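Structural description and commentary
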Amino acid sequence: MTSRRRAATATAALTCGAALIVGPACTGAAAVEDPDGGEGDLANKSAQQISDDALHQLVAAKSLRLRTQTSADPTKIDLTLDQAGNCTGAISKGELGRVELVKRGNQVWMKPDAAFWKSQLPGNEGDEAAAKYRNTFLHGTTKDAFLHNLAAACDLTAFQKTAIPPEEPPSGAPSPSATPTLTKGRPTTHEGTRVLPVVKKAQGAVQTLYVAIDGKHYPLKLTAEVDHQTGTILLSNYDTPVSTKTPAPGDTADISVLEERLRGSQNT
């Protein structure tokens, strides 16, 4: 398999997001010594029931914090977002730079770092822009094509839709070659919270969902491993409202300053 195909495969596995473990499955339970094996009230539930419950909690969330990364791509996302499309956080593209992002309604603010400016503009232009707009948010609305594309990451509803499995395969899609195996792992902890892993193996991929044992059974971590590539989604801060704070006018400039510089660099 080529490196490009490996990257695409791993990225696709991550993009499935909350749908990592839904679908037909065989269930199994881990051997335990304690009465509930440390699984709490999940002890008497099958792996499929646990994944279904976690899926329900994810889809019902009004807001949450989403963090993603994959070995196939340098992009990292850390956003708190809600179903209304509001968000705050950051998106990083590795050496290409990082932008802080705030979206409220159709208003969007982005604060690029120096690496972003230098990756977008050649030579001294990038250095000069990075210095001039240091700690400055660029502001516009979702009518602006650049900000519209960037703000698409704030769509919690779209992310939640990836968690809903199709009722039937798309027309022309090949039938699965084998029934995936879905099993319960051993209880562990994730960021200080007790979680129960639910593991799905199919067609060379290993996908794991970590479900909160105590309280509401939220999905807190999802991982995918495909052909030595890995992807991770972290979910937290369920139903915590997105901050309503927006950058002060004195800390902003119009998004046109970026677009004009980009056009200028293309014409030189």
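Below: a short report on this structure.

1. Topic: the packing of aromatic side chains
Tallying each qualifying case throughout the model produces three aromatic pairs. Aromatic pair Phe116 and Trp117: ring centres 6.1 Å apart, planes at 80°, arrangement edge-to-face. Aromatic rings pair up to connect Phe116, Trp117 and Tyr133 into one cluster. Sitting above the plane of the Tyr210 ring, Lys221 keeps its charged end 5.2 Å from the centroid.

2. Focus on unusual backbone geometry
Generally, phi is negative for residues other than glycine and the peptide bonds are trans, each holding for most cases. Of note, Asn135 is a non-glycine position whose phi angle comes to about 60°, a positive value. Checked against the element boundaries, Asn135 lands in the loop between helix 4 (123-132) and strand 6 (137-141). Its identity as a non-glycine residue notwithstanding, Glu191 has a phi of 50°, on the positive side. When you line up the elements, Glu191 lands in the loop between strand 8 (188-190) and strand 9 (193-202).

3. A closer look at the state of the cysteines
What we call a disulfide is simply a covalent bond connecting the sulfur atoms of a pair of cysteines. By the definition in use, this model includes one disulfide. The disulfide that involves Cys87 links it to Cys154, with 2.0 Å between the sulfurs. Taken together, the residues span a long stretch of sequence, with Cys87 in strand 3 (residues 87-92) and Cys154 in the loop between helix 5 (145-151) and helix 6 (156-161) at a distance of 67 residues. Across the pair, Cys154 and Cys87 agree in class, each one buried.

The rules behind each value
Residues numbered from 1 in each chain as written. Predicted model: local features only at pLDDT ≥ 70, side-chain atom pairs only at ≥ 80, totals over all residues. Heavy atoms only, no water. Phe/Tyr/Trp six-rings, centres within 6.5 Å; stacked < 30°, edge-to-face > 60°. Lys NZ or Arg CZ within 6 Å of the ring centre and 35° of its normal. Helix = DSSP H or I, 4+ residues; strand = E, 2+ residues; numbered from the N terminus. Disulfide = S-S within 2.5 Å. Buried < 20%, exposed > 50% of the residue type's maximum accessible area, 1.4 Å probe, protein only.

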